[in-house]
Structures are given as structure tokens and as C-alpha cells.
Amino acid sequence: MIEYLAHLLIFVAIFAILAVSVDILLGHTGVLSLAQGAFFGLGAYSYAIAVGQFRSSWIAGVILGMVLAATASLLLAIPSLRLKGDYFLLVTFAFQLIFTSLAINLERVTRGSRGITGIPRPTLLGYQLQSNSRFVMLAILEFGVILIVLARVSSSPLGRILHAIREDEILVASLGKSVVKVKMVAFSLSAALASVAGSIYAQYIGYIDPSSSGVFLSISALSMAIVGGLGRIAGPLAGASLLVVLPEFLRFVGVPGSYAANVRQILYGLLLVVVAMRRPRGLMD
Amino acid sequence: MLQVLVNAVHDGIIYGLFALSFTLIYSTSRFFYFAHAATFAVGAYGAWIVLSAEVGFFAAFVSGVATGALLGLTAELSVFRLLRRRGAESRTLLIAGLGLFAIIQNFISLFFGDDVKTLEGFEMKVIEAGSIRVTNNQTFAFIVGVSTLCLCLIFLNLSNLGRSIRAVGEDPDLFEALGFDSDRVILLTMTLGSGIAGLAGVLKALDTNITPLMGYQTFLMATVATIMGGIGRPLGAILGGIALALVEHLFTWSFALHWREIFVFSVLIAVLLIKPEGLLRKPGRL
């Protein structure tokens, strides 16, 4: 029982971090993106390869993922962040599809659709975190750190500019600030956080494949951030908690495992539609 | 080489249909309707399920189109119209559309399973003309596709309803101010557009297989084609679709197939950076 609760908590922590990455971009800066799944996957795969194959330390694996994600996000952002919202969204969607396609096709690196197995759990002070109840403490710690980062950024001068951009880009530009540069900072920060979530996921599950980082993960992440409340510090945690725990009740109702993933996605999509209907004038309060 | 061109034109017509339907919806409803990607698959599955009931191909074909249209109609009436009436901004509509996309796609997976299905059109016969080989299904798609595209263009340019659609796309406030009902036009466009998307899905299914995710890549192609042709330009979208298919087939003929997305992505970035208003010059209204 404890292992099951710890498992839930770990998932909440992972997806709360992913939701934070969405929130920084959408909730605080007002930029919508569908690439979270790709950055999550980038973090997961780089961790899997660095730690699983090359035996580096788990911290190095996570940092590698962050660096790769931030770099990829900047490469993506440089030509496209100055475009209008819809176009930028399309570019991120294309990027997401590219990532999935690369994950499937670069067999020598990613082992294709079969995925990478045997990713080891991290070791803390020489002690490997095999059981869920031990791992959850690390996960909660990591989430805690990220939450503090979010709070600090939000109340910092950078945070103020992000919020200003969310409200009125043109005004910010007219005051002489480079909107594009600031958005790039937010975007790369968001990508790095998403990759952390991916790394933790990889080290927890021990297995990663292309399907765990597709478009639906991006939509799920959006759903968690939006349902939880955009722009609020507690939002991502609330959204992730709800959306991780709610589908668990499906088990008790008797939905078979093979359907569970699809039903979960339908639930997330439904929540998005419901929230949109209840707050038509903007998903922020 | 000629074979590559023939295949490209076939795919291009499907992209063109999908792009046309998307640009119609985008210009009238004024938001990026993501669930359109799912409509493609819905059309294919709608045809498949009727075909499995052994009612004949024609019935299956019509159901595919009808299912697509029905989806658009329902989505507009139950979600988007309500949202617009409550003053929703386009981002909210977009997010609702994303939610719908997730719901519909997963419903398809749930209901039909993720396995690959086939849509048996005509009994597969290969027609050889010189160095070119075409299946009769491809010929069918070509004929149906081209006719639909022509009918649409005629409708959009010559009929009153068609002109209303273009009017709403250009200036919705003026349209309303003149006393016309834009809600009705939007409903029509959504239904018609989704029907065409369903049609495109059926045609695609005839050529390749049916999987729940079949809409994704074609959706990306269609949206890039729309941008290439200029948003709100039906002819532009069609030509964009064909052009994109041509370049895509030539590209994958020289390089490997799975670099396709990267290729499309590069085209997208290039167009957006260089000429975001579309590659067609402005000859007037089309």
C-alpha cells in the first residue's frame, strides 16, 4: 500500500514539474507551446543514455538533459519566437512530431520503438533508491527545489517582465525591452524543466520509449497547468495532483489496463474543454 | 521519375483537400482548429465501419464524408458557438479544440483499437500507361478529389453562400453590421470543412492504411500548405498542398523517408520567415 501511495506521489511530483514548465511559459509569459512532450522525452532519453549506457552519475544525467533541452529550445526559438502565436504553436507542434519521429527512427541511439530498458535508479550517498518509498523523497525534494525556483522567478524582475509580456506585449516592447529575448529565456527555462521531469520519469520507471513523449503528453501537460490554475504558484501542483489521482479511480471502477491510457487522455481533454467553457474570456483569473 | 510525379499529384490532391478545408475553417472561425486533424481519421473510420457492415463501397464512402461533417457540426454547436457567445478569445477556442482533439483521437483508439485497418475500395487493379503504374483506387481518388476541389472553388466564388463564407473570413464585423448572420455561415463552414476533411481521410485510407494517428502528419502538411498559399485563400491552399506534395516526394525520392518531418518543418520555417503571408501573389480574390 505504501509503495502504491509513494508511486502516486512520485507521479504527481514528475507531472507537477512538467506542469510548472508549462506554467512558466503559458501562465507567466502567455506563450502557448506543444513541445513539452519533446523536451520531456529529450530529458528522458539523454538520462537513459548517459546514465544507463555511459554510467555517468545521475546528477550529470539530469544536467545533460537540461542543457540539451535548453539548447534545442533556443535553436527552435531563434527563427520562430517572433512569429504570431498560432504560427509559433504550429512550429512547436512540428518540432514535437519531429522528435517523436527521430526517437523512432534513430535506432542506433534510441533503440527505436523498442525503447531503452534497464535505466538504473539514482544512488544517494552510495545507497540506491530502489524502493518507491525511498525514491519519493528524492522526487519530492526535486519538486520542492523547482517550486522554489518558480516562486523566486515569479517575484523577480524577470518575472515582472514575463507577466508584463503576458498582459501587453506591445507595451513592453515600446518601453524598450526585447520581448523576443525575454521569451527565449522563458522558453529555454521551460524546456529545461520539462527535461528534468523526463529524467526523473526515466530513472523511476527504468524504461523509456517514443510513445511516452508524444503530442498527448504535451496536451496532458497543458491540461494539468490550465486546470490547476495558470500563473499561480500552487497551480501546477494542484493540476498535477488532480489529474494523476483522478484516473486512479478508474481502476476501482474496473476499467481494464489496456483502455486506461486512452480513457485518461479523454479525461484530460474533457477537462480542457470544461475549463475553457467556464472561463471563456481567458484562462487566467 | 514520372511515377514520382504521379504519386505526388495524388498525395497533393489529398493535402489540397485537407488544406482547403482547414483554411476555410480557420478564416471564418478565426482560431487554429486542432481537432481537424482528428476529423481526417474520423472520416476514414466512418467509412470503414460501414464497409464492414457490407453495405457496399458507395455507402461507406458517403458515411465517411458524413461522419466528418457531423463531427464538425457537433463540435461547433456544442462547444465553439457557446464559447463565442460568451466572448471567448481565440486562444480559449484553440485550447478547447486541443481538448476535443485529445478526446476524439482517444475515442477512436478506444473504440477501434490501435491496429492497422484497411479500407477496401475497388478490387485493386493496376493500370499501366507507359512507365507509370497507378491503382484504380488512386485514379478514383484523383477524380473525386479534383471534382470536389473544382466544385468548392466554383461554390466559393459564384454562389451567394460561398461569397458569405469569404466575407466572414475577410471582415466579420462588417458582415454582422450589414445584418447577416455569421453564426450560420460559421456553422456551414465548419460542417462543410469537416466533411471535406472526412473525404480526404477516406481517399487517403483507400491508398494506404487506417490507423488512429493517420491525421497527424497530413494535418501538418495541410497547415503548412495553408500558410504557403496564404490563410483564407482557398486556391492558395490547394496549390500549396500540391506543391508541398511535389517537393516532398522529390525530396524523399532522393533521401530517406523518415526525414520527411524535418523537411516539412524546414519548409514551414522558411515560408514563415520569408513570406508569412503566403507565396501566391495577390491577383484579387480567390
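Scroll up to find the structure this text is about.
Being a predicted model, the structure only gives us computed values, none of them experimental. (Residues numbered from 1 in each chain as written. Chains lettered and ligands numbered in written order. Predicted model: local features only at pLDDT ≥ 70, side-chain atom pairs only at ≥ 80, totals over all residues. Heavy atoms only, no water.)

Colleague: Can you help me understand the packing of helix α5 (residues 136–158) of chain B against helix α10 (residues 234–254) of chain B in this one?
Modeller: The packing of two helices is summarised by the inter-axis angle and the distance between the axes. Residue and element names in this part refer to chain B. Contact geometry of α5 with α10 gives a least axis separation of 10 Å together with a crossing angle of 160°. In terms of axis orientation, α5 runs roughly antiparallel to α10. Judged by the sense of rotation from one axis to the other, the crossing of α5 with α10 is left-handed. Here Leu149, Leu153 and Leu156 of α5 lie close against α10, whose contacting residues are Pro234, Leu235 and Ile238. (Axes fitted to C-alpha atoms, helices over the stretch in contact; angles between N-to-C directions. Helix = DSSP H or I, 4+ residues; strand = E, 2+ residues; numbered from the N terminus. Parallel < 35°, antiparallel > 145°, perpendicular 65-115°, else oblique. Left-handed = near helix turned anticlockwise from the far one by under 90°. Contact = heavy atoms within 4.5 Å.)

Colleague: Would you explain the interface of chain A and chain B in this entry?
Modeller: Counting residues at the interface gives 44 residues for chain A, matched by 44 residues for chain B. Three residues, Tyr87, Leu90 and Met277 of chain A, lead the burial of chain A against chain B; their summed loss comes to 16% of the area buried on that side. Linking chain A with chain B are zero salt bridges, by the criterion used here. Taken together, the links from chain A to chain B amount to three residue pairs in polar contact (both at pLDDT 80 or more). Of all the secondary-structure elements, those providing two or more residues to the side of chain A that touches chain B are α3 (58–80), α4 (85–105), α10 (215–228) and α13 (257–278) of chain A. Residue contributions to the side of chain A that touches chain B peak at 13 residues, all from α4 of chain A. (Buried area = accessible area lost by both parts, 1.4 Å probe. Salt bridge = Lys/Arg side-chain N within 4 Å of Asp/Glu carboxyl O. Polar contact = N/O pair within 3.5 Å; in protein donor to acceptor, adjacent residues only side chain to side chain.)

Colleague: Would you mind going over the pairing of strand β2 (residues 132–135) of chain B with me for this structure?
Modeller: Side chains on a regular strand alternate between the two faces of the sheet. Residue and element names in this part refer to chain B. Sheet topology places strand β1 (residues 126–129) next to β2; four bridges connect them, and they run antiparallel. Within β2, the position partnered with Glu128 by the bridge is Arg133. As consecutive antiparallel partners, β1 and β2 are separated by two residues, and within that stretch Gly130 has a phi angle of approximately 70°, a positive value. (Pairing = 2+ DSSP bridges.)

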